Amino acid sequence: VFLDGPAGSQVPQSVIDAISGYLTHHNANQGGAFATSRKSDAALESAHSAMADFLGTPDPDCISFGANMTSLTFSLSRALAKEWSVGDEIVVTHLDHDANFSPWKLAVQDADATLREVNLHTADCSLDLDHLREQINDRTKLIAVCAASNFSGSVTPVKEIGQLAHEVGAMVFIDAVHYAPHRLIDVIDWDCDFLVCSAYKFFGPHIGIMYGQRQLLENLTPYKLRPASDDLPGHWMTGTQNHEGIMGAKAAVDYLISLSPKAAHRREALHQTMAAIDVYESKLMAHLLVSLQKIPSYTLYGITDPARQAERVPTLSFTHASLSPLELTRLLDESGIFAWHGNYYAQPVTESLGLEPEGAVRIGLLHYNTREEVDRLIGVLQELA
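Residues numbered from 1 in each chain as written. Predicted model: local features only at pLDDT ≥ 70, side-chain atom pairs only at ≥ 80, totals over all residues. Heavy atoms only, no water.

Quick look at the overall build of the chain
The secondary structure content of the chain amounts to 13 helices and 13 strands. The globule rule puts the C-alpha radius of gyration for 385 residues at 21 Å, and the 21 Å found for the chain is close to it. Once the C-alpha set of the chain is aligned to its principal axes, its extents read approximately 65 × 55 × 35 Å. Of all 385 residues assigned to the chain, the portion counted as buried reaches 57%. In the chain, of all internal contacts separated by at least 6 residues, the share reaching a separation of at least 24 is 68%. Here the chain has roughly 15,900 Å² of accessible surface; of this, 50% comes from carbon and sulfur atoms. Counting 27 positive and 47 negative side-chain charges, the chain places the averaged centre of each group 4 Å from the other. (Helix = DSSP H or I, 4+ residues; strand = E, 2+ residues; numbered from the N terminus. Rg over C-alpha atoms; globule rule 2.2 N^0.38 Å. Buried < 20%, exposed > 50% of the residue type's maximum accessible area, 1.4 Å probe, protein only. Contact = heavy atoms within 4.5 Å. Areas by Shrake-Rupley, 256 points an atom, 1.4 Å probe, with all protein chains shown as cover. Lys, Arg positive; Asp, Glu negative; His and termini not counted. Charge placed at Lys NZ, Arg CZ, Asp CG, Glu CD.)

What to know about the packing of aromatic side chains
Aromatic ring pairs: the centre-centre distance and the angle between the two ring planes describe each pair. For the coordinates displayed, the defined rule picks out 10 aromatic pairs. Grouping aromatic residues by their ring pairs yields a cluster made of Trp-84, Trp-104 and Phe-173. For Lys-82, the ring lying beneath its charged end belongs to Tyr-223, and the centroid distance is 4.8 Å. Above the ring of Tyr-344, the side-chain terminus of Arg-362 is found at 4.2 Å from the ring centroid. (Phe/Tyr/Trp six-rings, centres within 6.5 Å; stacked < 30°, edge-to-face > 60°. Lys NZ or Arg CZ within 6 Å of the ring centre and 35° of its normal.)

Looking at the sheet that holds strand β10 (residues 298-301)
Strand order in the open sheet formed by four strands is β10-β11-β13-β12, with antiparallel pairing between adjacent strands. Looking at which strands have only one partner, the edges of the open sheet turn out to be β10 and β12 (340-342). This sheet shows a mean twist of 30° between the axes of neighbouring strands, independent of strand direction. Pairing of strand β11 (residues 315-320) with strand β13 (residues 360-364), which is carried by four bridges, proceeds in the antiparallel orientation. Residue pairing across strands places Leu-316 opposite Ile-363, the latter belonging to β13. (Pairing = 2+ DSSP bridges. Axes fitted to C-alpha atoms, helices over the stretch in contact; angles between N-to-C directions.)

Side note on the pattern of salt bridges
One pass over the full model with this rule turns up 16 salt bridges. A salt bridge links Glu-160 to Arg-133, with the shortest nitrogen-to-oxygen separation between them at 2.6 Å. On the criterion of sequence distance, the pair formed by Glu-160 in helix α6 (residues 158-167) and Arg-133 in helix α5 (residues 129-135) is long-range, its members being 27 residues apart. Among the charged side chains, a salt-bridge network with shared partners connects Asp-59, Asp-61, Arg-214 and Glu-218. (Salt bridge = Lys/Arg side-chain N within 4 Å of Asp/Glu carboxyl O.)

Observations concerning the pairing of strand β7 (residues 171-175)
Of all the five residues making up β7, five are buried; the element is thus mostly covered by neighbouring parts of the structure. Residues Met-171, Phe-173 and Asp-175 of β7 are buried on one face, and the alternating residues Val-172 and Ile-174, pointing to the opposite face, are buried as well. As paired elements, strand β6 (residues 140-146) and β7 share five bridges and run parallel to each other. Bridge pairing links Ile-143 to Val-172 in β7.

Side note on the pairing of strand β1 (residues 63-66)
On a regular strand, each side chain points to the face opposite its neighbour's, so the side chains alternate between the two faces of the sheet. On β1, burial covers both faces: Ile-63 and Phe-65 on one face and Ser-64 and Gly-66 on the other are all buried. Note: β1 against strand β9 (residues 208-212), four bridges, orientation antiparallel. By the bridge assignment for β9, Phe-65 is matched with Ile-209.

Things to note about the packing of helix α11 (residues 325-334) against helix α13 (residues 371-384)
Following both chains from N to C, one finds α11 and α13 inclined at 125°, their axes separated by 11 Å at the closest point. Relative to α13, the element α11 is oriented oblique. Seen along the crossing, α11 lies across α13 with a hand that is right-handed. Seen from α11, the contacting residues are Leu-328, Leu-331 and Leu-332; seen from α13, they are Leu-377, Val-380, Leu-381 and Leu-384. The residue inventory of the contact of α11 with α13, partitioned by class, reads seven nonpolar, no polar and no charged. (Parallel < 35°, antiparallel > 145°, perpendicular 65-115°, else oblique. Left-handed = near helix turned anticlockwise from the far one by under 90°. Nonpolar A, V, L, I, M, F, W, Y, C, P; charged D, E, K, R; others polar.)

Thoughts on unusual backbone geometry
Most peptide bonds take the trans configuration, and most residues that are not glycine carry a negative phi. Here Leu-232 and Pro-233 are connected by a cis peptide whose omega angle stands at 0°. With respect to the helices and strands, Pro-233 occurs in the loop between α8 (214-219) and α9 (243-258). A cis amide bond links Glu-356 to the next residue, Pro-357, at an omega of 5°. Inspection of the secondary structure assignment puts Pro-357 in the loop between α12 (347-352) and β13. Positive phi, close to 75°, is recorded for Phe-203, a residue that is not glycine. Within the secondary structure, Phe-203 sits in the loop between β8 (194-198) and β9. In this structure, Tyr-344 is a non-glycine residue whose phi angle is positive, near 55°. Secondary-structure assignment places Tyr-344 in the loop between β12 and α12.

Some remarks on the side chain of Asp-175
With respect to the helices and strands, the residue Asp-175 is situated in strand β7. There is a polar contact of 3.0 Å between the side chain of Asp-175 and the backbone nitrogen of Val-177. (Polar contact = N/O pair within 3.5 Å; in protein donor to acceptor, adjacent residues only side chain to side chain.)

This is the structure we're talking about:
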């Protein structure tokens, strides 16, 4: 039973075939005058187009691929930090994965600027929006926030946060890594300045994706090699890219589109698919929450009220009264159930909850999980209680 999706989802055969197909038929670097290079250019261009539809932008040139979300965030933070100085303020949150915390903290130190940290509500692992508002002022340059917590599944009101940022002339950077496999991303509706996600969380290979508004991507100066393109999207894609991984990311989008075959176009299909996934996963999660709350041996972290299901995605962390997270996940493994232990790099969260150094156990449901698998998990957890 694969409940380790928040650390990396399983992939459909079509994604594996796309990666293999690229290496078999188009394997060449970009910009050459020969056939396989031209085919490679066309294939990669199609991947930018597919990912633009996935994120909700009409401009494929605003999509950059990279090694992973962390590397892309570090690269962007270095470029932005050159624009900051003493007195500028950057806002981060304690609900975030450390990849949306430490890069900004380090960039602030380089720029001699100021870091402001937003608390979370420890009772339900939701973001303290009142505290967020208190941190924003006319010196704020950027707010970095997750769309959904990879620890608790808590969803943040990213559109509202973006409006708060823009009211004071600040930018907003959204980490949508954990949100992407569960609900539809819409960078235009959210009016975000930058957004990152990772294909290996939404049924693709290990590769990162970054969106940025065109005028920002064009006007900022990334660290890059001199021969590298000054045009988008190459401006932000340093070195030779993972071409086969990019094609696997496109295939992951195509897979999601294939689940809504009657849709008129790609974006409409994604709307339908992600809406259906949300409904299905919410039912599974509600069943899991209700069942685990009846077992007193476990402490649950996050939103547990079924009436607040819209405020979370199907990810749950918990601890056992006597077993350590590592011991518990080893016992689950003996029953063929795969789950994560530790802090899952969400160290700002586990520090806020006082769970370091052992962390918790995380269960992450995805649309390929079944009611029978959830019941099997519940049964094993009851036995271990």
